[in-house]
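Each chain, written out:
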Amino acid sequence: MQLKPKQKILSSLSLFSLAGVQPYIEKQGEPYMNQNQINHFKKILETWRKQLKEEIHKTLSYMQDKAINFPDPVDRAVQEEEFNLELRNSDRERKLIKKIEKTLKNLQENHFGYCESCGVEIGIRRLEARPTADLCIDCKTVAEMRAKQIAG
């Protein structure tokens, strides 16, 4: 039985390449989240969503094509484990698609690029590194410290 090669996780640079954009270069005196910046991030987010949907479709097609009822219990167990991993990856991708769609909605409603907690600008570079970021770096750090304290 042949295992499917592990899918490549996209870095922000390969995402730029897929979207056909370069890192955004801010002009002096340019207002934050102007139409050019909004269009830049919209293109990145829409490309990312499309790519994730294609990956989910490929995974489902792969699983349908490779689903075999092996007589050997070890082969069957290997296939079930492989499919289980693929389904968990697809579930993560679906959750990410929902987050991307929420971000696109925020972009449409002019709420994109600002921290949901304190309202400060998140920043172009942080958003390019993580287009779905909804907290500034300071609020994210505090949230992570709280999560660590709760987890013990």
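Residues numbered from 1 in each chain as written. Predicted model: local features only at pLDDT ≥ 70, side-chain atom pairs only at ≥ 80, totals over all residues. Heavy atoms only, no water.

Summing up its helical and strand segments, the chain has 5 helices and 0 strands in all. What you see for the chain is a C-alpha radius of gyration of 20 Å, clearly larger than the 15 Å of a compact globule of 152 residues, by over 25%. Taken along the three principal axes of its C-alpha coordinates, the chain extends 70 × 45 × 25 Å. Burial statistics for the chain: of 152 residues in total, 34% are counted as buried. Only carbon and sulfur atoms are counted for the fraction: they give 53% of the accessible area of the chain, which is about 10500 Å². Taking the average location of the 26 positive side-chain charges in the chain and that of its 22 negative ones, the two points are 2 Å from each other. (Helix = DSSP H or I, 4+ residues; strand = E, 2+ residues; numbered from the N terminus. Rg over C-alpha atoms; globule rule 2.2 N^0.38 Å. Buried < 20%, exposed > 50% of the residue type's maximum accessible area, 1.4 Å probe, protein only. Areas by Shrake-Rupley, 256 points an atom, 1.4 Å probe, with all protein chains shown as cover. Lys, Arg positive; Asp, Glu negative; His and termini not counted. Charge placed at Lys NZ, Arg CZ, Asp CG, Glu CD.)

The predicted model of the chain averages 88 in pLDDT, with 91% of residues at 70 or higher. Here helix α1 (residues 12-19) stands out as the least confident element of the chain, with mean pLDDT 73; helix α5 (residues 137-151) is the most confident, with 95. (pLDDT = per-residue confidence, 0-100.)

This part covers helix α2 (residues 35-66). In a regular helix each residue adds 1.5 Å, so 32 residues correspond to 46 Å; α2 covers 46 Å between its end C-alpha atoms and thus fits that length. Between the side-chain oxygen at the start of α2 and the backbone nitrogen of Asn-36 there is a gap of 2.9 Å, and the oxygen is on Asn-34. (Expected span 1.5 Å × (residues − 1). Polar contact = N/O pair within 3.5 Å; in protein donor to acceptor, adjacent residues only side chain to side chain.)

The feature "zinc finger region: dksA C4-type" (unreviewed entry), as annotated in UniProt, sits at residues 115-139 in this numbering. Counting secondary structure, residues 115-139 comes out at 36% helix and 0% strand; the distance between its end C-alpha atoms is 8 Å. (UniProt positions renumbered as here; feature names shortened; annotations may be inferred.)

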